[in-house]
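Here are the chains, one letter per residue:
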Amino acid sequence: MFCKYCGAEIDDNSVYCSKCGQKLDENGGYADSFHDGSINLGPNFKGKNKIIAAILALVVGDFGIQHFYLGNNTAGILSCVFFWTGIPAIIGLVQGVLMLLESDEDFAKRIVD
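Residues numbered from 1 in each chain as written. Predicted model: local features only at pLDDT ≥ 70, side-chain atom pairs only at ≥ 80, totals over all residues. Heavy atoms only, no water.

Peer 1: Which residues make up the overall build of the chain, and what are the values?
Peer 2: Regarding its fold elements, the chain presents five helices and zero strands. Moving toward the C terminus, one meets the helices and strands of the chain in the order α-α-α-α-α. For the chain, the proportion of its 113 residues judged to be buried stands at 31%. Restricting the contact set of the chain to residue pairs at least 6 apart, pairs at least 24 apart contribute 46%. (Helix = DSSP H or I, 4+ residues; strand = E, 2+ residues; numbered from the N terminus. Buried < 20%, exposed > 50% of the residue type's maximum accessible area, 1.4 Å probe, protein only. Contact = heavy atoms within 4.5 Å.)

Quick look at the structure:
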């Protein structure tokens, strides 16, 4: 079976494409019925957007909101507990810049299921 989004060969039982992260239907196509694959909607990493995650990290990274958005609740809670130290804000700034600069494949690895 092949992903209609990126053309990568995928396992028949896959729910998400291992290359582009697009959610698949039973035929290897898009799970969204309105989309037939003819329009490029851009990368979709399990419903997460790299730009939104980077903006969250840059703007409210001191509260760890980007961690919650990406599914890493433990890091998000730790950021909320220690926000008063300023360390999570520095980490958020670094993460935001790195997210903007990293490849789509590296961003997909940040997402926790």
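Peer 1: Please give an account of the packing of helix α1 (residues 50–60) against helix α4 (residues 87–101) that cites residues and values.
Peer 2: Running from N to C, α1 and α4 point in directions that differ by 160°, and their axes come no closer than 7 Å. Considered as vectors, α1 and α4 are oriented roughly antiparallel to each other. Here α1 runs over α4; the crossing is left-handed. Residues K50, I51, A53, A54, A57 and L58 of α1 touch α4, and the partners they reach there are G92, L93, Q95, G96, V97, M99 and L100. Taken together, the residues of the contact of α1 with α4 sort by class into nine nonpolar, three polar and one charged. (Axes fitted to C-alpha atoms, helices over the stretch in contact; angles between N-to-C directions. Parallel < 35°, antiparallel > 145°, perpendicular 65-115°, else oblique. Left-handed = near helix turned anticlockwise from the far one by under 90°. Nonpolar A, V, L, I, M, F, W, Y, C, P; charged D, E, K, R; others polar.)

Peer 1: For the side chain of E102, give the residues involved together with the corresponding values.
Peer 2: Relative to the helices and strands, E102 is located in the loop between α4 and α5 (104–110). Those residues within four positions of E102 in sequence are excluded, and the remaining contacts are K50, F107 and R110.

Peer 1: Please set out the pattern of salt bridges residue by residue, giving values where relevant.
Peer 2: Scanning the model with the defined rule gives three salt bridges in all. With a closest N to O distance of 3.3 Å, D104 and K50 form a salt bridge. Pair noted here: D104 is in helix α5 and K50 is in helix α1, with a separation of 54 residues, a long-range link. Owing to a relative accessible area of 29%, D104 belongs among the partly exposed residues under this scheme. On the accessibility criterion, K50 (14% relative accessible area) is buried. (Salt bridge = Lys/Arg side-chain N within 4 Å of Asp/Glu carboxyl O.)

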